[in-house]
There are 4 protein chains.
Amino acid sequence: MIGVIGSGNPEKKDDPLAREVGSLLAARGAVLVCGGLSGIMEAACNGCFSSGGQTVGILPGERKDEANPYIVHAIPTGMGIGRNVLVVRASDAVIAFSGGYGTMSEIALALNMGKPVVDLGGWDTQGTLKARTAAQAVSMALEGSSGNGSDFPR
Amino acid sequence: MIGVIGSGNPEKKDDPLAREVGSLLAARGAVLVCGGLSGIMEAACNGCFSSGGQTVGILPGERKDEANPYIVHAIPTGMGIGRNVLVVRASDAVIAFSGGYGTMSEIALALNMGKPVVDLGGWDTQGTLKARTAAQAVSMALEGSSGNGSDFPR
Amino acid sequence: MIGVIGSGNPEKKDDPLAREVGSLLAARGAVLVCGGLSGIMEAACNGCFSSGGQTVGILPGERKDEANPYIVHAIPTGMGIGRNVLVVRASDAVIAFSGGYGTMSEIALALNMGKPVVDLGGWDTQGTLKARTAAQAVSMALEGSSGNGSDFPR
Amino acid sequence: MIGVIGSGNPEKKDDPLAREVGSLLAARGAVLVCGGLSGIMEAACNGCFSSGGQTVGILPGERKDEANPYIVHAIPTGMGIGRNVLVVRASDAVIAFSGGYGTMSEIALALNMGKPVVDLGGWDTQGTLKARTAAQAVSMALEGSSGNGSDFPR
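Residues numbered from 1 in each chain as written. Chains lettered and ligands numbered in written order. Predicted model: local features only at pLDDT ≥ 70, side-chain atom pairs only at ≥ 80, totals over all residues. Heavy atoms only, no water.

(A) Summary view of the relation of the copies chain D and chain C. Superposition of chain D onto chain C requires a rotation of 180° combined with a translation of 0.0 Å along the rotation axis, giving an RMSD of 0.0 Å. Here the transformation between the copies is reduced to the relation of a two-fold axis. (Least-squares fit on C-alpha atoms with pLDDT ≥ 70 in both.)

(B) Spotlight on empty space enclosed by the protein. Scanning the entire structure with this criterion turns up five cavities of 30 Å³ or more. Contributing to the lining of the largest cavity are Met79(B), Gly82(B), Val85(B), Met79(C), Gly82(C), Val85(C), Leu86(C), Arg89(C), Thr77(D) and Met79(D). At three residues, helix H3 (residues 83-90) of chain C tops the list of elements feeding residues into the lining of the largest cavity. Here the residues of the lining of the largest cavity sort into six nonpolar, three polar and one charged. (1 Å grid on protein atoms, 1.4 Å probe; cavity = no way out; pocket = protein on both sides within 12 Å on 5 of 7 lines; lining within 4 Å. Points joined across faces, edges and corners; volume = space filled by probe spheres on them. Helix = DSSP H or I, 4+ residues; strand = E, 2+ residues; numbered from the N terminus. Nonpolar A, V, L, I, M, F, W, Y, C, P; charged D, E, K, R; others polar.)

(C) How the structure looks around the pattern of salt bridges. Residues and elements named next belong to chain A. Per the stated rule, a full pass over the model turns up 24 salt bridges over all chains. Note that Glu143 is salt-bridged to Arg28, the shortest N-O span being 2.6 Å. Of the two residues, Glu143 is situated in helix H5 (residues 134-143) and Arg28 in the loop between helix H1 (16-27) and strand E2 (32-34); the sequence distance between them amounts to 115 residues. Given the relative accessible area of 48%, Glu143 is considered partly exposed. A relative accessible area of 42% means that Arg28 is categorised as partly exposed. Lys130 serves as the salt-bridge partner of Asp119, at 2.7 Å between the closest nitrogen and oxygen. One end of the pair, Asp119, is in strand E6 (residues 117-119); the other, Lys130, is in strand E7 (residues 129-130), with eleven residues separating them in the sequence. On the accessibility criterion, Asp119 (3% relative accessible area) is buried. (Salt bridge = Lys/Arg side-chain N within 4 Å of Asp/Glu carboxyl O. Buried < 20%, exposed > 50% of the residue type's maximum accessible area, 1.4 Å probe, protein only.)

(D) Just the sheet that holds strand E5 (residues 93-96) of chain C, in detail. Residue and element names in this part refer to chain C. Read across the open sheet, the seven strands follow the order E4-E3-E2-E1-E5-E6-E7; overall the sheet is parallel. Looking at which strands have only one partner, the edges of the open sheet turn out to be strand E4 (73-76) and strand E7 (129-130). As paired strands, strand E1 (residues 2-5) and strand E2 (residues 32-34) are joined by two bridges and run parallel to one another. Each bridged residue has a counterpart across the sheet, and for Ile2 the counterpart in E2 is Leu32. (Pairing = 2+ DSSP bridges.)

(E) Structural view of the pairing of E1(C). All names here are of chain C. The two faces of E1 match: Ile2 and Val4 on one face and Gly3 and Ile5 on the other face are all buried. Here four bridges tie E1 to E5, and the two strands are oriented parallel to one another. The partner of Ile5 across the bridge, within E5, is Ala96.

(F) Representation of the interface of chain D and chain C within the structure. Listed as interface residues are 18 residues of chain D and, on the opposing side, 18 residues of chain C. Interface of chain D and chain C: buried area, both sides summed, is about 1500 Å²; carbon and sulfur atoms make up 62% of it. Linking chain D to chain C there are five residue pairs in polar contact (both at pLDDT 80 or more). Counting residues per element, the ones that place at least two in the side of chain D that touches chain C are strand E3 (55-59), strand E4 (73-76) and helix H3 (83-90) of chain D. The element that contributes the greatest number of residues to the side of chain D that touches chain C is E4(D), accounting for four residues. (Contact = heavy atoms within 4.5 Å. Buried area = accessible area lost by both parts, 1.4 Å probe. Polar contact = N/O pair within 3.5 Å; in protein donor to acceptor, adjacent residues only side chain to side chain.)

(G) Quick peek at the state of the cysteines. Inspection of the entire model under this criterion finds zero disulfides over all chains. Among the cysteines around Cys45(C), which has no disulfide bond, Cys34(C) carries the closest sulfur, lying 3.6 Å off. (Disulfide = S-S within 2.5 Å.)

(H) Inspection of the sheet that holds E2(A) at higher detail. All names here are of chain A. Read across the sheet, seven strands follow the order E4-E3-E2-E1-E5-E6-E7 without closing on themselves; strand pairing throughout is parallel. The open sheet has two edge strands with one neighbour each: strand E4 (73-76) and E7. One ladder, built from two bridges, connects E6 with E7; its direction is parallel. Bridge pairing in E7 places Asp119 opposite Lys130.

(I) Up close: the packing of H3(D) against helix H4 (residues 101-112) of chain D. Residues and elements named next belong to chain D. Running from N to C, H3 and H4 cross one another at 45°; their axes reach a closest spacing of 9 Å. Taken together, the axis directions place H3 and H4 in an arrangement best described as oblique. Two packed elements cross with a definite hand, and for H3 against H4 that hand is right-handed. Facing H3, whose interface residues are Asn84, Val85, Val87 and Val88, H4 presents Gly102, Ser105, Glu106, Leu109 and Ala110. Considered class by class, the residues forming the contact of H3 with H4 number five nonpolar, three polar and one charged. (Axes fitted to C-alpha atoms, helices over the stretch in contact; angles between N-to-C directions. Parallel < 35°, antiparallel > 145°, perpendicular 65-115°, else oblique. Left-handed = near helix turned anticlockwise from the far one by under 90°.)

(J) Seen up close, the environment of Glu11(C). By the element assignment, Glu11(C) lies in the loop between E1 and helix H1 (16-27). Sequence spacing of Glu11(C) and Gly39(C) is 28 residues, and the spatial spacing of their C-alpha atoms is 6.2 Å.

Below you can see the structure in the form of structure tokens.
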């Protein structure tokens, strides 16, 4: 189960890189977990769902209908931004796109929990794995290995 | 998404009624959500999974490996008994088996949220719908209707 | 730290029994913890605060201004009814007044956690300690002993 | 209610700057809220408590006895690192010392919620207010104003 985190800005709901990540996760048989809303989350879910994959959206509100249209399993939490902890907890690794303070909190929480964070968003945070392409990011997340073949530095 | 709640006592992990409920949920295309552990949860998940259905386990601990073997999507929360709120929130209706104070808390939370609670466990709680068979329980949960055909009293 | 749970119905915000419980908690040096809203919570906080005691309100929303006027320390959670778990977790014992499904969930959660539940609300729940007066309830909660002098049956 | 966040490393439990911040918060009548453990949290609570102030510790575990000795009101959550959201939610502003990913998550969550974050730890995060002394940090947190007298830029 791989987390995809990034801006919820609806303008990013067709982001090609996020769609490609989602599509590749589906192809690799991974389940995509995210915060369930629009923006990067929706783009990645669209890619995953359209390629036959499963998606889980852990929502901030109390209702399922705030989920983007590509969420297969909607989990409303009623915890607001507090659901970020649950998104990260459910992920075996996370792929981070650019975003705001919410995304930053998820990166920090994932690193706090010792989970691999693959950075596709140009974050300037120690401890993340830098990826340049969707394929590289998905491989790094799934295999827990850095791009140059070395062991993953947990 | 239908919640199944009840005792986590491992002695109940083969409970035939819970297995039948799980199997019928799969046959009706519903996703089974539960607390992810043993006992009634495991019996129901076994029935659902064995009939080709999907199961979601919202776990109390921080790790996925506490999930029973029939959980398809494990969501560890690290919230302990606090995850009961999330099990109920994710459910469109819940089917309650006999259980302890944890199950009682889930019944109360579901009723507080205005969700149908179908009682297969002999609970003496106002506001629940009484069912006698697995088929009746699943129908009542899915259709939100009482056994005698009247509208569900939301 | 003693929890006071019961109906949030504003009509109960001057309930004399809840005020007396609050006042006695203050006199005994206990901190009153509750869900922070109106009804029984407000009556008990009024009694406690007016007698010089400390009160903690663990609120469902994201803002402190939903707290009743007698809350000294407002803790907004943004978790909705999920904050019930935190009210109970913070309490060394709870005193239960009459209420709805929310109160019922707190009774069940407290019993699940093995905490003394003193019943002043006529709840028909196994495992609670029955009290008839405010003084008796406060003594039972603070001393963890039943009214007739026997050891508290943890 | 002012949050103090920073490393929980016990080696920092006598950190002079954190003690001074705690002492000044007490002198200004503020309540100090924190994660309740050791390190920077303990140093600040020591300063606050020793100066007659009130402290609230929102703990990760299920038990109060993990609180540092200067916590007046211990709120165990059983939510692990998820309690960080609650620490920030309870704070009207936060003062950040140096720390790890947990502290970073709290900074991000506070900025996400639009709360002033006063930085005494050399964090390289946009949106925080930079302070150089304890007195300056406490003033900035309490008055919501930058050090040079301009309005606080919400």
